[in-house]
Amino acid sequence: MPRRHWANLTSASALAIMLSCAPVLAQTPPAQAPLAQAPLATDPATGVPLPETPQLKLLDAEKPAPAGQTATDRPSDGDIVTGTVKSGATLRGAASVDATAPVETETEPVTLDIPQVEVPALDPALVPASKSSEPAPAPAPAETAPVQAAPALPAPDKPVTASVTVAPPAAAPAAGPLEAIPSLVPPPEMPKVVVDVPPGLAFAADIAARANDGVAVRRLGERERGEILAAYQANENKPFWIDAKGWTAAGKRIVAQLEHAADDGLRPTDYALPVFELSDKAKLAEADVRLSALAVLYARDARGGRLDPRRLSKLITPTLYLPSATEVLSELAGAPDAGAVLAAYNPPHEQYRRLKAKLAELREHLDDTPLVRIPAGPPLKLGMRDERVPLVRARLGLGSSDDSVFDRSTSLALADFQKKAGLPANGILSERTLAALGKPATARGEEDIVAQMERWRWLPPDLGAKHIMVNVPEMRVRVIRDGQVIHEARAIIGKPDSATPIFSHKMDHVIVNPSWYVPPSILKKEFLPGLAADPDYAAKRGYVVTRTKGGGISVRQPPGERNALGWIKFMFPNEHAVYLHDTPNRRLFAGERRALSHGCVRVDDPFALADQVLGPEWTSERLKKLIGKGERRINLPQPLPIHLVYNTIVIGADGHITRFDDVYGFHRLVRQALEQQG
């Protein structure tokens with residue numbers, strides 16, 4: 001093989017070995033003096049040692065011997081060929097090589113494919129500000145320094161600090177004017193970091209500690225309290241209504257609405273606002289939770305949550321639409337006007353708004369009726385004598401009189417007073433009537449209005465664009481569309497001992513030529529005793545008796561002109577098994593007192609009502625043609641809301657008050673329950 005090729009191969013191998021050992025040699029000082037070498041160069045920009053350009057030494061022991069030459073004939077150490085290998089460099093022999101050795105003359109340079117070392121870009125942050133604008137002088141070329149002995153290794157427990165200078169590669173192009181930077185570069189100044197605490201987070205710990213005290217509001221259920229606490233936890237215990245300055249804008253609007261609770265017939269003392277000092281963070285946090293609890297209580301009260309109607313009577317079974325605490329807080333927290341949202345939980349109905357306006361009117365005028373203290377005593381009836389009679393007459397505005405006879409004029413005036421007070425209008429001075437006489441007329445009128453407003457809270461917020469309204473005390477049925485009455489008729493309601501229930505539902509079908517199944521109450525009171533006395537009791541009256549699977553009996557009245565339901569009935573299946581229907585005794589509609597049924601509502605001119613609920617496809621003429629042809633069911637085009645209500649006080653568009661008899665005493669029950677709650 002030609003000597004040139006051996007040189008190429010040997011040089012490449014030696015270079016690879018030296019490059020792989022360079023990191024180890026740079027960290028571990030040799031045990032003896034190293035070979036002569038140039039001091040390491042450093043990058044002027046970063047102070048990091050640059051890769052060293054290896055020095056190539058071709059020892060005779062590593063060179064192949066020429067033909068005819070032995071190992072002992074090789075040149076000595078003094079005749080070593082040395083040279084600096086760099087990218088694109090040429091290997092040159094030293095002058096001390098034996099001229100008599102058969103050396104092949106080189107005709108082309110030896111080129112080693114060594115990749116150029118890439119110097120990282122200069123970081124502007126590492127250049128001192130005072131000199132960053134001045135161009136740095138070009139570094140001087142590295143010179144070969146004399147061989148020096150390596151310093152002794154320091155003790156392991158002493159820190160080692162070294163400054164290393166690395167010469168740039170000979171073949172690397174100049175990177176531009178750079179200034180030498182000390183190896184220990186001080187850290188650059190970092191900008192000040194400003195951490196913004198999320199709004200309200202400063203109150204989080206206090207809210208978590210005082211939340212249980214904040215939700216401890218009277219009449220607020222455990223479920224609502226738990227939902228309020230969960231809402232705060234979901235909000236990272238940040239406040240909803242306060243900041244470092246007190247109430248937020250939303251909090252102030254809620255506070256204002258609670259302060260005007262009396263305008264809607266609610267009791268302001270039920271929503272007593274918390275008192276706090278701005279400097280007391282704990283009190284501020286508790287006030288925020290307390291305001292949430294009061295807002296939830298107000299919303300539920302406004303929807304009818306103050307009373308449980310079913311506890312007043314089993315016949316008062318409205319469906320209450322009480323909002324959850326989660327719903328209330330989510331709506332208030334995201335509203336542009338939290339006060340308006342809270343106020344909207346009150347009934348939106350026109351009659352409720354009129355009652356509210358009348359309540360404000362009553363409170364504006366002082367009661368000029370003279371209050372007379374009437375002593376307690378036995379009940380007074382027509383014709384009785386009592387020393388209290390002159391006081392009763394004075395209280396009723398009948399003028400003074402020395403006569404102690406409880407005459408007809410006094411009894412009639414007292415009956416009128418009882419009617420307005422929601423008491424049985426019997427003209428008897430009872431204990432309850434005596435207590436009512438002891439109150440100012442204004443206070444009594446307010447209580448009546450508030451009790452009537454409370455019953456409006458039991459209705460759905462949306463009555464339906466078209467709906468049926470049955471006002472039981474008024475004994476009338478109305479069909480209302482878009483707020484306008486499009487049909488109205490007289491009605492017969494249940495007797496006091498079989499009262500018509502109060503609730504809302506949806507009418508879904510009509511039956512022509514209906515059969516009447518005697519309800520269990522009538523069966524027990526009338527038919528069973530009659531059948532016990534006469535086995536033909538039912539047959540003589542046109543009823544059919546059948547045995548049931550359970551061993552009981554069922555009594556049915558077939559369709560016909562004598563049927564108790566008449567020719568048509570309007571069905572809205574409900575828990576009370578009541579409905580609207582026709583009646584064969586139409587003369588009963590002429591009377592003023594029409595509490596005569598067993599609980600269902602009898603309607604005057606039922607086919608006119610059918611025209612309104614069945615639509616144009618089923619006219620009254622078409623329905624009448626079905627009479628006597630068997631039972632026929634006709635479904636409504638769509639379910640129609642029907643509301644059986646108990647309105648004893650109705651306000652006209654002109655503000656006039658119309659009162660109706662409290663036939664079942666439901667008005668009195670509501671008023672007394674509200675008074676006891678206070």
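Up top is the structure.
Residues numbered from 1 in each chain as written. Predicted model: local features only at pLDDT ≥ 70, side-chain atom pairs only at ≥ 80, totals over all residues. Heavy atoms only, no water.

K.L.:
Please clarify how the pattern of salt bridges should be interpreted in this entry.
P.N.:
Close approach of charged atoms allows side chains of opposite charge to pair. Overall, the coordinates contain 33 salt bridges when judged by the stated rule. For Arg210, the salt bridge identified is with Asp213, shortest N-O distance 3.9 Å. Of this pair, Arg210 and Asp213 both sit in helix H2 (residues 204–214), three residues apart, which is roughly one turn of the helix. Overall, Asp213 belongs to the partly exposed group, its relative accessible area being 41%. Two residues, Asp270 and Arg267, come together in a salt bridge whose shortest N-O distance is 3.4 Å. Through salt bridges that share partners, Arg218, Arg219, Arg267, Asp270 and Asp301 make up one connected network. (Salt bridge = Lys/Arg side-chain N within 4 Å of Asp/Glu carboxyl O. Helix = DSSP H or I, 4+ residues; strand = E, 2+ residues; numbered from the N terminus. Buried < 20%, exposed > 50% of the residue type's maximum accessible area, 1.4 Å probe, protein only.)

K.L.:
Sorry if this is basic, but what is going on with the sheet that holds strand E11 (residues 553–557) here?
P.N.:
The strands making up a sheet are joined through hydrogen bonds of the backbone, oriented either antiparallel or parallel. In space, the three strands of this open sheet follow the order E9-E11-E10, with antiparallel pairing throughout. The open sheet has two free edges, formed respectively by strand E9 (516–517) and strand E10 (544–547), since each of these has just one partner strand. Of the pairings in the sheet, the one linking E9 to E11 comprises two bridges and is antiparallel in character. Note on E11: the bridge partner recorded for Tyr517 is Arg556. (Pairing = 2+ DSSP bridges.)

K.L.:
Help me understand the packing of aromatic side chains, please; the structure alone is not making it clear to me.
P.N.:
The description of an aromatic ring pair uses the distance of the two centres, along with the angle that the planes make with each other. Applying the stated criterion to the full structure yields 11 aromatic pairs. Residues Tyr646 and Phe666 carry aromatic rings whose centres are separated by 5.0 Å and whose planes lie at 50° to one another, so their mutual orientation is tilted. Taken together, the residues span a long stretch of sequence, with Tyr646 in the loop between strand E16 (632–645) and strand E17 (649–651) and Phe666 in helix H18 (residues 666–677) at a distance of 20 residues. The class for Tyr646 is buried, based on a relative accessible area of 3%. Taking relative accessible area as the criterion, Phe666 reaches 5% and is therefore assigned buried. (Phe/Tyr/Trp six-rings, centres within 6.5 Å; stacked < 30°, edge-to-face > 60°.)

K.L.:
Can you walk me through unusual backbone geometry in this structure?
P.N.:
Most peptide bonds take the trans configuration, and most residues that are not glycine carry a negative phi. One non-glycine residue, Met475, lies in the positive phi region at around 60°. Among the secondary structure elements, Met475 is positioned in the loop between strand E5 (466–471) and strand E6 (476–481). Taking the relative accessible area as the measure of exposure, Met475 reaches 7% and is therefore buried. Positive phi, close to 55°, is recorded for Asp605, a residue that is not glycine. Looking at the element boundaries, Asp605 is found in the loop between strand E15 (601–603) and helix H16 (606–614).

K.L.:
Got a minute to help me understand the packing of helix H3 (residues 222–234) against helix H7 (residues 325–333) in this structure?
P.N.:
Angle between the axes and distance between the axes: these two values describe a pair of packed helices. Their axes nearest at 8 Å, the elements H3 and H7 cross at an angle of 40°. With respect to H7, the axis of H3 lies oblique. In this structure, H3 contributes Glu224, Glu227, Ile228 and Ala231 to the contact, and H7 contributes Ala325, Thr326 and Leu329. Broken down by class, the residue content of the contact of H3 with H7 amounts to four nonpolar, one polar and two charged. (Axes fitted to C-alpha atoms, helices over the stretch in contact; angles between N-to-C directions. Parallel < 35°, antiparallel > 145°, perpendicular 65-115°, else oblique. Contact = heavy atoms within 4.5 Å. Nonpolar A, V, L, I, M, F, W, Y, C, P; charged D, E, K, R; others polar.)

K.L.:
Sorry, what's going on with the nonpolar core here?
P.N.:
Generally speaking, soluble globular proteins have nonpolar side chains that are buried together. Ile468, Phe527, Phe570, Leu580, Val613, Leu614 and Leu623 are the most contacted members of the largest nonpolar core, which has 45 residues in total. When residues no more than four places from it in sequence are discounted, the contact partners of Phe527 are Val518, Ile522, Tyr537, Ala538, Tyr543 and Val555. Ranked by size, the runner-up nonpolar core spans 40 residues in total, among them Ile242, Leu294, Ala338 and Tyr345. (Core = buried A, V, L, I, M, F, W, Y, C linked by side-chain atoms within 4.5 Å.)

K.L.:
Mind showing me how you'd approach the environment of Arg210 here?
P.N.:
It is 8.2 Å that separates the C-alpha atoms of Arg210 and Val289, two residues lying 79 residues apart in sequence. Setting aside its immediate chain neighbours within four residues, Arg210 contacts Ala282, Lys283 and Glu286.

K.L.:
Explanation requested: helix H11 (residues 408–420) in the structure shown.
P.N.:
For the α-helix, the turn length of 3.6 residues means that residues three or four positions removed from each other point alike. Here H11 is 13 residues long and its end C-alpha atoms lie 19 Å apart, about the 18 Å a rise of 1.5 Å per residue gives. Three or more residues of H11 are buried, namely Thr410, Ser411, Ala413, Leu414, Ala415, Phe417 and Gln418. (Expected span 1.5 Å × (residues − 1).)

K.L.:
What should I look at first to understand the side chain of Thr648 in this one?
P.N.:
Tracing the sequence through the fold places Thr648 in the loop between E16 and E17. The class for Thr648 is buried, based on a relative accessible area of 4%. Engagement of the side chain of Thr648 in a polar contact is seen with the side chain of His667, the distance being 3.3 Å. Setting aside anything within four residues of it in sequence, one finds Thr648 in contact with Gln452, Arg455, Pro473, Thr658, Arg659, Phe660, Asp661, Asp662 and His667. (Polar contact = N/O pair within 3.5 Å; in protein donor to acceptor, adjacent residues only side chain to side chain.)

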